[in-house]
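Residue-level listing of the chains:
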Amino acid sequence: MGEAEALLLDRSLRFSAHETALEQGWLLQEMEQRFGYGLDELARRFDRSVSWVSRRLALVELLPEAIQQQVREGQITAHVAMKFLIPVARVSLEDCQRMAAAFVKYQCDTRHAGQLYAAWRHGSPLIRKRVIEQPELFLKTQRQEPKAAAAGAELLRDLEMALAIVNRAVRRLAGAAGAEIDRQQRQAARQQIDRLQSQLHRLAAKIPQEQPHVEPSATHHDSGTAHTRGEQTRDCTDAGSLPPDGAPSPAVEGRPGAGVTPSRESRTLPPTDSGAVQRLQGEPRASP
């Protein structure tokens, strides 16, 4: 048989551990470059897909020797190198080397390596530069987000447990046990409920509230005059009654004019509220 068939036969007869991805890539590269096998033929010979052959060839043909050495030493897994570093190498060898250095320095597993690669792949040139130059900042942010999500999930779980306990207490009180508690137990129960309400209010105050987005309205409260009159109307409800037409009297509005007489003021406000009228009349006159 020929040399190529002998190599394939020798590989198929081995009972030792399978080759590493790099060793498979070296063999595929030898078969392709020396014996002229194409991707389809190599896939058929190795009983693999064309994608499998292509990834291992790229591992030994596209990645720099320094990264291949990191794969041989186990600092970067072959899976991470083929899935994330090879696509970067097709675009920029410099970015590929710097990303590989970040994988080694920060001991990135497959998930964190994928997050770093996804940020580089989908980012603008400026974002790519930042991801490559400051990978520790990006990875720190990614590692903090799951912790925050886990803390929120634990809080919701605690609140669900508290709600379940309260519901159980409500059912217990509604049953036969509610009529059997004595006066001392009722007082103790009310004290516990007050403490529970206080704690719930404190907890609610610590949770930030989202500010609702209010759309401007052209028909409701869009005039400062209407708003002022509304406030004055509310202020005068305790000072006296309004005229039959619903309009506030000049004395209540705090804008005394030349046509206002004491008799009119005495009709709109009871004698007991004369002090309130004097205070309102003593306020500074509004500028025109």
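Everything below is about the structure shown above.
We now turn to the structure provided with this report. It should be emphasised that the depicted structure is a prediction, and the values quoted were computed from it without experimental measurement.

**A few points about the overall build of the protein chain**
Along its length, the protein chain carries 15 helices and zero strands. Taking all 288 residues of the protein chain together, 25% fall into the buried category. The contacts in the protein chain between residues at least 6 apart in sequence include a share of 57% that link residues at least 24 apart. As displayed, the protein chain offers around 20600 Å² of accessible surface, 54% of which is attributable to carbon and sulfur atoms.

**Overview of the nonpolar core**
Soluble, globular proteins show a tendency: their nonpolar side chains are buried together. With 32 residues, the main nonpolar core has Leu59, Leu63, Ile76, Leu85, Met99 and Phe103 as its most contacted residues. For this core, the elements supplying multiple residues, two or more each, are helix H2 (21–33), helix H4 (50–61), helix H5 (65–72), helix H6 (78–91), helix H7 (93–105), helix H8 (110–122), helix H9 (125–133) and helix H10 (135–174). For this core, the leading source of residues is H6, giving eight residues. In contact with methionine 99, other than residues within four places in its own chain, are Leu85, Val88, Leu116, Tyr117, Trp120 and Ile132. If you look at the next biggest cluster of nonpolar residues, it comprises 12 residues, including Met31, Leu42, Phe46 and Leu57.

**Re a nonpolar patch on the surface**
A surface patch of nonpolar side chains, about 320 Å² in accessible area, is lined by Leu155, Leu156, Leu159 and Ile207. Looking at where leucine 159 falls in the secondary structure, it is placed in helix H10. For leucine 159, a relative accessible area of 32% gives the class partly exposed.

**Side note on the packing of H8 against H9**
Running from amino to carboxyl end, H8 crosses H9 at an angle of 155°, the nearest separation of the two axes being 7 Å. Of the possible angle classes, the one that applies to H8 and H9 is roughly antiparallel. Facing H8, whose interface residues are Leu116, Ala119, Trp120 and Arg121, H9 presents Ile127, Arg128, Val131 and Ile132. The class makeup of the residues in the contact of H8 with H9 is six nonpolar, no polar and two charged.

**Some points on the pattern of salt bridges**
For the coordinates displayed, the defined rule picks out five salt bridges. Look at the salt bridges and you will find they share partners, linking Glu3, Glu30 and Arg34 into a network.

**Points about unusual backbone geometry**
Phi at aspartate 47 takes a positive value of approximately 55°, unusual for a residue other than glycine. Within the fold, aspartate 47 resides in the loop between helix H3 (39–46) and H4. Non-glycine residue glutamine 107 carries a positive phi angle of around 50°. In this structure, glutamine 107 sits in the loop between H7 and H8. Look at glutamine 107 and you get exposed, because its relative accessible area is 70%.

**Topic: the side chain of histidine 112**
Examined against the element boundaries, histidine 112 turns out to sit in helix H8. Histidine 112 sits in the buried class, given a relative accessible area of 9%. A polar contact of 3.4 Å, which involves the side chain of histidine 112, links it to the side chain of arginine 111.

**Side note on the packing of aromatic side chains**
On inspection of all chains with the given rule, the structure shows three aromatic pairs. Each ring, one from phenylalanine 46 and one from tryptophan 52, has its centre 6.2 Å from the other, and the planes form 40°; the classification is tilted. Assigned by exposure class, phenylalanine 46 and tryptophan 52 land together as buried. Ring plane angle 40° and centroid distance 5.6 Å describe the contact between phenylalanine 84 and tyrosine 117, whose orientation is recorded as tilted. Taken together, the residues phenylalanine 84 in helix H6 and tyrosine 117 in helix H8 connect sequence positions 33 residues apart. Taken together, the aromatic side chains of Phe84, Tyr117 and Trp120 make up a single cluster linked through ring pairs. Geometry around tryptophan 120 places arginine 128 over its ring, the cationic atom sitting 4.1 Å from the centre.

How each quantity is defined
Residues numbered from 1 in each chain as written. Predicted model: local features only at pLDDT ≥ 70, side-chain atom pairs only at ≥ 80, totals over all residues. Heavy atoms only, no water. Helix = DSSP H or I, 4+ residues; strand = E, 2+ residues; numbered from the N terminus. Buried < 20%, exposed > 50% of the residue type's maximum accessible area, 1.4 Å probe, protein only. Contact = heavy atoms within 4.5 Å. Areas by Shrake-Rupley, 256 points an atom, 1.4 Å probe, with all protein chains shown as cover. Core = buried A, V, L, I, M, F, W, Y, C linked by side-chain atoms within 4.5 Å. Patch = residues over 30% accessible without salt bridge, like charges linked within 9 Å, V, L, I, M, F, W, Y side chains within 5 Å. Salt bridge = Lys/Arg side-chain N within 4 Å of Asp/Glu carboxyl O. Axes fitted to C-alpha atoms, helices over the stretch in contact; angles between N-to-C directions. Parallel < 35°, antiparallel > 145°, perpendicular 65-115°, else oblique. Nonpolar A, V, L, I, M, F, W, Y, C, P; charged D, E, K, R; others polar. Polar contact = N/O pair within 3.5 Å; in protein donor to acceptor, adjacent residues only side chain to side chain. Phe/Tyr/Trp six-rings, centres within 6.5 Å; stacked < 30°, edge-to-face > 60°. Lys NZ or Arg CZ within 6 Å of the ring centre and 35° of its normal.

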